[in-house]
Amino acid sequence: MSLFLPKLSSKKDIDEAIKSVAEKVLVLRFGRDEDSVCLQIDEILSKTAHDLSNMASIYLVDVDSAPVYSRYFDISFIPSTVFFFNGQHMKVDYGSPDHTKFVGSFKSKQDFMDLIEVIYRGAMRGKLIVQSPIDPRNIPKYDLLYHDI
């Protein structure tokens, strides 16, 4: 866990952040404090938080403290990062079947900063889905799992 990033510890806190963050990208990192990959992404998020402060507000969410949102966004792999703008869920086409969240850690600070800038500029133009600027080789690959179909 990063000591420099605020944590949201309940559904009420998350709802309030989604409603109150205006004209900025709201970044919610779902994960666990003790997970090594979560610690990697937290380091990137905390190092970029100041540089992106005009475009983004970044929060950490423990998956166990917000099971409603974990189920809603199908957080089955951690860390997963979800983006909002003015209360609207922003989707990003990463070249994978799931456009609702980024799964895994960003490879570099620049990848994360570029993504926030693209989401911000797209949202300011009224778009609800944007194309990821991240090199496809830097996007973690995973398979969607469907049970009992």
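The name recorded for the protein chain in an unreviewed UniProt entry is Thioredoxin-like protein, from Danio rerio. Note on the protein chain: under the UniProt heading Subcellular location (unreviewed entry), the record states "Nucleus". Per UniProt, the protein chain carries the Subunit (unreviewed entry) text "Homodimer. Interacts with the U5-102 kDa protein subunit of the spliceosome."

A. Representation of the overall build of the protein chain within the structure. Helix and strand counts for the protein chain come out as four helices and seven strands. In sequence order, the secondary structure elements of the protein chain are arranged as β-α-β-α-β-α-β-β-β-α-β. Relative to the compact-globule value of 15 Å for 149 residues, the protein chain shows a C-alpha radius of gyration of 14 Å, a close match. Overall, the protein chain is about 45 × 30 × 25 Å in size when its C-alpha atoms are taken along their principal axes. Classification of the 149 residues of the protein chain by burial places 44% in the buried group. Sequence separation of at least 24 residues holds for 75% of the intrachain contacts in the protein chain that already meet a minimum separation of 6. Surface summary for the protein chain: the accessible area is close to 8100 Å², and the carbon and sulfur share equals 52%. For the protein chain, the distance from the average position of its 18 positive side-chain charges to the average position of its 21 negative side-chain charges is 4 Å.

B. Quick look at the pattern of salt bridges. Scanning all chains against the criterion turns up seven salt bridges. Lys 11 is the partner of Asp 15 in a salt bridge, and the nearest nitrogen-oxygen pair spans 2.7 Å. Pair noted here: Asp 15 and Lys 11 are both in helix H1 (residues 11-20), with a separation of four residues, about one helical turn. Across the salt bridge formed by Arg 29 and Asp 42, the nearest N and O atoms sit 2.8 Å from each other. One end of the pair, Arg 29, is in strand E2 (residues 25-31); the other, Asp 42, is in helix H2 (residues 36-49), with 13 residues separating them in the sequence. You can call Arg 29 buried: its relative accessible area is 1%. When its relative accessible area of 2% is taken as the criterion, Asp 42 is described as buried.

C. Main features of the packing of H2 against helix H4 (residues 109-124). At a minimum axis separation of 9 Å, H2 and H4 run at an interaxial angle of 60°. With respect to H4, the axis of H2 lies oblique. Judged by the twist between their axes, the crossing of H2 over H4 is right-handed. Here Ile 44, Leu 45, Lys 47 and Thr 48 of H2 lie close against H4, whose contacting residues are Lys 109, Phe 112 and Met 113.

D. Layout of unusual backbone geometry. Following Ile 78, the chain continues into Pro 79 via a peptide bond in cis, with omega recorded as -5°. Here Pro 79 lies in the loop between helix H3 (67-72) and strand E4 (80-85). With a phi close to 50°, Asn 86 is a non-glycine residue in the positive phi region. Of note, Asn 86 is situated in the loop between E4 and strand E5 (88-93).

About the cut-offs
- Residues numbered from 1 in each chain as written.
- Predicted model: local features only at pLDDT ≥ 70, side-chain atom pairs only at ≥ 80, totals over all residues.
- Heavy atoms only, no water.
- UniProt positions renumbered as here; feature names shortened; annotations may be inferred.
- Helix = DSSP H or I, 4+ residues; strand = E, 2+ residues; numbered from the N terminus.
- Rg over C-alpha atoms; globule rule 2.2 N^0.38 Å.
- Buried < 20%, exposed > 50% of the residue type's maximum accessible area, 1.4 Å probe, protein only.
- Contact = heavy atoms within 4.5 Å.
- Areas by Shrake-Rupley, 256 points an atom, 1.4 Å probe, with all protein chains shown as cover.
- Lys, Arg positive; Asp, Glu negative; His and termini not counted.
- Charge placed at Lys NZ, Arg CZ, Asp CG, Glu CD.
- Salt bridge = Lys/Arg side-chain N within 4 Å of Asp/Glu carboxyl O.
- Axes fitted to C-alpha atoms, helices over the stretch in contact; angles between N-to-C directions.
- Parallel < 35°, antiparallel > 145°, perpendicular 65-115°, else oblique.
- Left-handed = near helix turned anticlockwise from the far one by under 90°.

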